[in-house]
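Commentary on secondary and tertiary structure
Listed below are the residues making up each chain.
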Amino acid sequence: LEYQEKVLQVKRVTKVVKGGKKMTFRVVVIVGDKKGKVAVGVGRADDVNLAIQKAILNGKKHLIVVPLTFSYSIPYIKKASYGASSLLLKPASLGSGVIAGGSVRTVLELAGIKNIVAKQFGSKNLLNNAKATILALSLLK
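These remarks concern the structure in this document. (Residues numbered from 1 in each chain as written. Predicted model: local features only at pLDDT ≥ 70, side-chain atom pairs only at ≥ 80, totals over all residues. Heavy atoms only, no water.)

Side note on the side chain of Asn 129
Heads up, the condition is: Numbering of helices and strands runs from the N terminus, with a helix taken as a DSSP run of H or I at least four residues long and a strand as a DSSP run of E at least two residues long. The criterion used for residue contact is that any of the two residues' heavy atoms lie within 4.5 Å.
Tracing the backbone shows Asn 129 in helix α3 (residues 126–138). When sequence neighbours within four positions are dropped, the list of residues in contact with Asn 129 reads Ser 85, Ser 86, Ser 103, Val 104, Gln 120, Ser 123 and Lys 124.

Observations concerning the sheet that holds strand β7 (residues 98–99)
Selection rule: Two strands qualify as a pair provided that DSSP identifies no fewer than 2 bridges between them. Each axis is a line fitted through C-alpha atoms, taken for helices only over the stretch in contact, and angles between the N-to-C directions span 0 to 180 degrees.
An order of β5-β6-β8-β7 is seen for the four strands of this open sheet, with the pairing classed as mixed. This sheet does not close on itself; its edge strands, each paired only once, are β5 (78–82) and β7. Where β7 lies against strand β8 (residues 116–122), two bridges are found, and the strand directions are parallel. In the strand pairing of β8, Ile 99 is matched with Val 117. Set on the sheet, helix α2 (residues 102–111) makes contact with β6 (85–91), β7 and β8; between it and β8 the angle comes to about 145°.

Quick look at the packing of α2 against α3
The test is simple: Should an angle fall under 35 degrees it is called roughly parallel, over 145 degrees roughly antiparallel, and 65 to 115 degrees roughly perpendicular, with every other angle called oblique. Here is the rule for handedness: rotate from the far helix to the near one, and if that takes an anticlockwise turn smaller than a right angle the crossing is left-handed, while a clockwise turn gives right-handed. Residues are grouped as follows: nonpolar covers Ala, Val, Leu, Ile, Met, Phe, Trp, Tyr, Cys and Pro; charged covers Asp, Glu, Lys and Arg; every other residue, Gly included, is treated as polar.
Running from N to C, α2 and α3 point in directions that differ by 40°, and their axes come no closer than 8 Å. One way to sum up the angle between α2 and α3 is to call them oblique. Where α2 crosses over α3, the handedness of that crossing is right-handed. Between α2 and α3, the residues in contact are Ser 103, Val 104, Val 107, Leu 108 and Ala 111 and Leu 126, Asn 129, Ala 130, Thr 133, Ile 134 and Leu 137, respectively. Split into classes, the residues belonging to the contact of α2 with α3 amount to eight nonpolar, three polar and no charged.

Below you can see the structure in the form of structure tokens.
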């Protein structure tokens, strides 16, 4: 199986230890096959490349299956929230394209959804919006 990975964010995080500050990298990656399988992976390591590898592995462990309609959309309207991020996913007709912003767009594209309207509410946090999208897609029947 061929999965595509897209790095959403590389963030430098610090932990205060007795000798000073310890720097590590946190990477958020979206993994998907554009045929209805998608996941969000998070990895932390001292090195960026290691963190990316960890995030990809983490994502492949948590893949979900998305029900796609014939117009490469979702079957019905769905709302979901994760943390302070909430969003609305709305099916769209053929030729509409992916109308969404930020991390939501990336998740939907890698899930293989081609026609959809999405709106973020509340927090614009990258990771939480990606997780809210995954939650909404996983709740679809």
